[in-house]
Amino acid sequence: MPMNTIATIPLDGAPKVVSRTVPIEANADRAPSKGVIGMTCLIIAESAIFTIFVVAYLYYLGKDLSGPTPRQVLELPILNSICLLSSSATITFALRSLRNGNTKKFNFWWLVTIALGAYFLLGTGREWHHLIHDKGLTIQTNLFGTTFYSLVGLHASHVIIGLLALSIVMAFAITGAVKREHAERVHVLGLYWHFVDVVWVVVFTVVYIIGR
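Residues numbered from 1 in each chain as written. Predicted model: local features only at pLDDT ≥ 70, side-chain atom pairs only at ≥ 80, totals over all residues. Heavy atoms only, no water.

A few words now on the overall build of the protein chain. Along its length, the protein chain carries six helices and two strands. Of all 212 residues assigned to the protein chain, the portion counted as buried reaches 35%. In the protein chain, of all internal contacts separated by at least 6 residues, the share reaching a separation of at least 24 is 73%. When the accessible area of the protein chain is evaluated, it comes to approximately 12500 Å², of which 66% is carbon and sulfur surface. (Helix = DSSP H or I, 4+ residues; strand = E, 2+ residues; numbered from the N terminus. Buried < 20%, exposed > 50% of the residue type's maximum accessible area, 1.4 Å probe, protein only. Contact = heavy atoms within 4.5 Å. Areas by Shrake-Rupley, 256 points an atom, 1.4 Å probe, with all protein chains shown as cover.)

Two numbers describe how helix H4 (residues 103-133) lies on helix H5 (residues 143-174): the axes approach to 10 Å, and their chain directions differ by 150°. Between H4 and H5, the interaxial angle falls into the category roughly antiparallel. The element H4 and its partner H5 pack so that their crossing is left-handed. Partitioned by chemical class, the residues of the contact of H4 with H5 number 21 nonpolar, seven polar and one charged. (Axes fitted to C-alpha atoms, helices over the stretch in contact; angles between N-to-C directions. Parallel < 35°, antiparallel > 145°, perpendicular 65-115°, else oblique. Left-handed = near helix turned anticlockwise from the far one by under 90°. Nonpolar A, V, L, I, M, F, W, Y, C, P; charged D, E, K, R; others polar.)

Let us now look at the environment of Ser88. Structurally, Ser88 can be placed in helix H3 (residues 78-99). According to the relative accessible area criterion, Ser88 is buried, its value standing at 16%. Along the chain, Ser88 and Trp193 lie 105 residues apart, while their C-alpha atoms are 7.1 Å from each other. Among all residues touching Ser88, those that are not within four sequence positions of it are Trp193, His194 and Asp197. A polar side-chain atom of Ser88 sits 2.5 Å from a polar atom in the side chain of Asp197. (Polar contact = N/O pair within 3.5 Å; in protein donor to acceptor, adjacent residues only side chain to side chain.)

Time to look at the side chain of His155. Relative to the assigned elements, His155 resides in helix H5. Ignoring anything within four residues of it in the chain, the contact list for His155 reads Phe50, Leu84, Phe120, Val196, Val199 and Trp200.

In this structure the tally under the stated criterion is 12 aromatic pairs. With centroids separated by 5.0 Å and ring planes inclined at 90°, the aromatic side chains of Trp128 and Tyr149 adopt a geometry described as edge-to-face. With Trp128 in helix H4 and Tyr149 in helix H5, this residue pair connects regions lying 21 residues apart in the sequence. Overall, the relative accessible area of 8% leaves Tyr149 in the buried class. A connected cluster of aromatic rings, assembled from ring pairs, spans Phe120, Trp200, Phe204 and Tyr208. (Phe/Tyr/Trp six-rings, centres within 6.5 Å; stacked < 30°, edge-to-face > 60°.)

As structure tokens, then:
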């Protein structure tokens, strides 16, 4: 707690220095943690990579000499998208619970986040199986197949990385090793997961809305 030094002059005329504790808002001048700064830099770099893949998809869209085309094979992954975007809310609930010292609620919401992310990944796998085996669309079929699997696959790889990180935290949480004082570290991982969800909004819009 910071100390403010105050000079007072008593009746005898001799100055006297008195130290008094003055509370200052704890978070007023607090700089972002190294973890948050590092994750922010990573997100900026990853955003640049995703931008390149999105631009490539849009550039080659409609330039195929042979089918199938997006309109012929793609279906809107509504349920998958709802699950993934909902996981941003559940991970926020988990972090809030941890900051309040409620580790049981943290464990619950964290597990729900993992389940939602896993369901999304499973849905992506089902979609790919359908496109490859039922529609005959592979990464080598045409430009659409190449850019589609590259862009969606890049996002799916980030979901996998995120789920692995979430699962590691869950394993520690089950043993009781995740405490209230670890909330800042959990927050850093939450930033990455929010980034994955935001990227999916872009991918969904470009591939399944504009691309069709």
